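Architecture at a glance
If you want the building blocks of each chain, they are given just below.
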Amino acid sequence: MNIVPMRDAAAPKFQPYIRQTISRARQWEWLAPDLQEAVRVVSHVLPFRTNAYVMDQLIDWNNVPNDPIFRMTFPHRDMLAPDDYAQLRELVLGQGQGQAPSAALAALVQRIRLRMNPHPAGQMTHNVPRVNDAPLKGMQHKYKETVLFFPSAGQTCHAYCTFCFRWPQFVGMDDMKFDAAESQQLVHYLRLHPEVTDVLITGGDPLIMNTRALAAVIEPLLVPELAHIQNIRIGTKSVAYWPQRFVTDRDADDLLRLFEKVVASGRNLAVMGHYSHAVELRPEIAQQAVKRIVGTGATLRMQGPLIRHINEDPRSWAELWQTGVRLGAIP
Ligand code: SF4
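Residues numbered from 1 in each chain as written. Predicted model: local features only at pLDDT ≥ 70, side-chain atom pairs only at ≥ 80, totals over all residues. Heavy atoms only, no water.

1. Notes on the packing of helix α1 (residues 33-42) against helix α4 (residues 82-94)
Pairs of packed helices are described in terms of their axes, by the angle between the two and the distance that separates them. The criterion, for reference: Here, axes are lines fitted to C-alpha atoms. For helices the fit covers the stretch in contact, and angles between N-to-C directions go from 0 to 180 degrees. Helix and strand assignments follow DSSP, with helices taken as H or I runs no shorter than four residues and strands as E runs no shorter than two, numbered in order from the N terminus. Oblique is the label for every angle not falling under 35 degrees (roughly parallel), over 145 degrees (roughly antiparallel), or within 65 to 115 degrees (roughly perpendicular). We call two residues contacting when some pair of their heavy atoms lies within 4.5 Å. Under this grouping Gly is polar, as are all residues other than the nonpolar Ala, Val, Leu, Ile, Met, Phe, Trp, Tyr, Cys and Pro and the charged Asp, Glu, Lys and Arg.
The interhelical angle for the contact between α1 and α4, taken along N-to-C directions, is 90°, at an axis separation of 9 Å. Here α1 lies roughly perpendicular to α4, going by the angle between them. Counted together, Glu37, Ala38, Arg40, Val41 and Val42 of α1 and Tyr85, Leu88, Arg89, Val92 and Leu93 of α4 form the full contact between these two elements. Here the residues of the contact of α1 with α4 are counted per class, giving 7 nonpolar, no polar and 3 charged.

Next up, the structure:
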């Protein structure tokens, strides 16, 4: 593919918002006090992160709080049990904004978090591969043919989905965090396991990493000794939350060249694009991202869970898939 550079001087810069900074966003003032309160309170337990692109392009502020992308990225009071919410509210509102959490608040947050089930079905303890009986951090070998790899630099996302069960990775609960310091362990393990054909690089979102860091994970997989690795998959929500990653980011063209390199090695590269709603594929930049990804010879698959309040309307899926297929993606 002849990669046409898309970046120009006016390329937008990624602008995240979290609890401590969300009040600087112009849309914050548009939220009713009870919705602002829910964000302030719930985000002490469950992580909150959104970004200017999501707020400017994907959320219809005339439809808040029912807007699907608002529900997907802004904490809602129903995410906590009513008693927990009430206790937390008292402590949060009782302290000044910007103050460090009191010991009582920190203890309550921890108690609530530990009662939640962040890793259903024993993901933390099951399926962790071992070499010489030592567990390999940052990896899971769940299905015979597939190894999951969680690069440590990819354990965050451009925005957080309120339904996500990976939140312990985002709030620094270290003993619950998947990570992998190096890809060396991965390569070593794969050499010992010729039955593995697929590596799924996941997170968080691995495409939060810059291209150089991602290449350090992917390029070692392309050596002849690992010819049994036929499919490299990258799980990502950046196609929806920050499509500039493929179009105007400083290293967007390098990323596409890395994709081309994988394809040229004879492997299948599948970008597992997490899309939740048709609105995510309406912006021009999101459509350009799809075209640029498939233009490298990579496959772009569209996937997403069915979530109440967000995408239970079949018309949204129909529009999403029709647009995606027209652009070359595969539902
Ligand atoms: S983008 Fe994926 S990993 Fe990140 S919060 Fe959403 S569902 Fe979770």
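2. Considerations on the layout of surface pockets
Let me state the cut-off plainly: Put simply, the grid is 1 Å and covers the protein atoms alone, a cavity is a trapped set of points that fit a 1.4 Å probe, a pocket is an open set with protein on both sides within 12 Å along at least five of seven lines, and lining residues have an atom within 4 Å of a point. Grid points are joined across faces, edges and corners, and a volume is the space filled by probe spheres set on the points.
Its volume calculated, the largest pocket comes out at about 720 Å³. Every residue lining the largest pocket is counted, 29 residues in all, and those nearest its centre are Phe165, Arg166, Thr202, His274 and Gln303. Elements supplying a minimum of two residues to the lining of the largest pocket: β5 (139-143), β6 (146-149), β8 (231-236) and β9 (268-274). It is β8 that provides the largest number of residues to the lining of the largest pocket, a total of 3 residues. Each residue belonging to the lining of the largest pocket can be placed in one class, and the counts come to 14 nonpolar, 10 polar and 5 charged.

3. As for the domain arrangement of the protein chain
In plain terms, the rule: Either an automatic procedure or a domain database provided the assignment from which the domain bounds are taken. Buried area is understood as the total, over both parts, of accessible area removed when two parts are fitted together, assessed with a 1.4 Å probe.
If you check the domain split of the protein chain, you get domain 1 (16-115) and domain 2 (130-327). Averaged C-alpha coordinates put domain 1 and domain 2 at centres separated by 27 Å. On the side of domain 2, 29 residues touch domain 1, which itself brings 23 residues to the contact. Here domain 1 and domain 2 share an interface that buries about 2,000 Å² over both sides, 68% of which is from carbon and sulfur atoms.

4. Quick word on the side chain of threonine 73
Our working definition: A 1.4 Å probe rolled over the protein chains alone gives each residue an accessible area, and that area as a share of the maximum for its type sets the label: buried under 20%, exposed over 50%, partly exposed in between. Pairs of N or O atoms are called polar contacts if they sit within 3.5 Å, as long as, within protein, a hydrogen donor faces a hydrogen acceptor (for residues adjacent in sequence, only side-chain-to-side-chain pairs).
Within the secondary structure layout, threonine 73 lies in helix α3 (residues 68-73). With relative accessibility at 1%, the residue threonine 73 sits in the buried group. Among the polar contacts listed, one links the side chain of threonine 73 to the backbone oxygen of isoleucine 69, at a separation of 2.7 Å. When near neighbours in sequence (up to four residues on either side) are disregarded, threonine 73 contacts Phe48, Arg49, Thr50, Val54, Ile59, Ala159, Tyr160, Thr162 and Tyr241.

5. Structural notes on helix α5 (residues 103-115)
To keep things clear, this is the line we draw: How far a helix is expected to stretch is found by multiplying one less than its residue total by 1.5 Å. Note that the arc is computed from the directions linking the helix axis to the C-beta atoms.
The end-to-end C-alpha distance of α5 is 19 Å, a good match for the 18 Å that 13 residues give at a rise of 1.5 Å each. Three or more residues of α5 are buried, namely Leu105, Leu108, Val109, Ile112 and Arg113. One side of α5 holds all its buried residues, which, seen down the axis, span an arc of 130°. Exposed and oriented more than 90 degrees from the buried face of α5 are Ala103, Leu114 and Arg115. Looking at the buried residues of α5, the elements they touch are α4 and α6 (167-170).

6. Description of the packing of aromatic side chains
Inclusion rule: Here a pair means two rings of Phe, Tyr or Trp (six-membered ring of Trp) with centres within 6.5 Å. Their orientation is stacked below 30 degrees between planes, edge-to-face above 60, and tilted elsewhere. Ring-over charges, as used throughout, are those where CZ of Arg or NZ of Lys falls within 6 Å of the ring centre and within 35 degrees of the ring normal.
Inspection of the entire model under this criterion finds 9 aromatic pairs. Ring centres 6.0 Å apart and planes at 80° place the aromatic pair tryptophan 30 and tryptophan 61 in the edge-to-face group. Of this pair, tryptophan 30 sits in the loop between β1 (16-18) and α1 while tryptophan 61 sits in the loop between α2 (52-58) and α3; the two residues are 31 residues apart in sequence, bridging distant segments of the chain. For tryptophan 61, a relative accessible area of 16% puts it in the buried group. Ring centres of tryptophan 61 and phenylalanine 70 lie 5.9 Å apart, and the angle between their planes is 70°; this geometry places the pair in the edge-to-face category. When sorted by exposure, tryptophan 61 lands in the same class as phenylalanine 70, which is buried. Taken together, the ring pairs connect Trp30, Phe48, Trp61, Phe70 and Phe74 into an aromatic cluster. If you follow lysine 237 out to its NZ or CZ, it ends over the ring of tyrosine 241, 4.8 Å from the centre.

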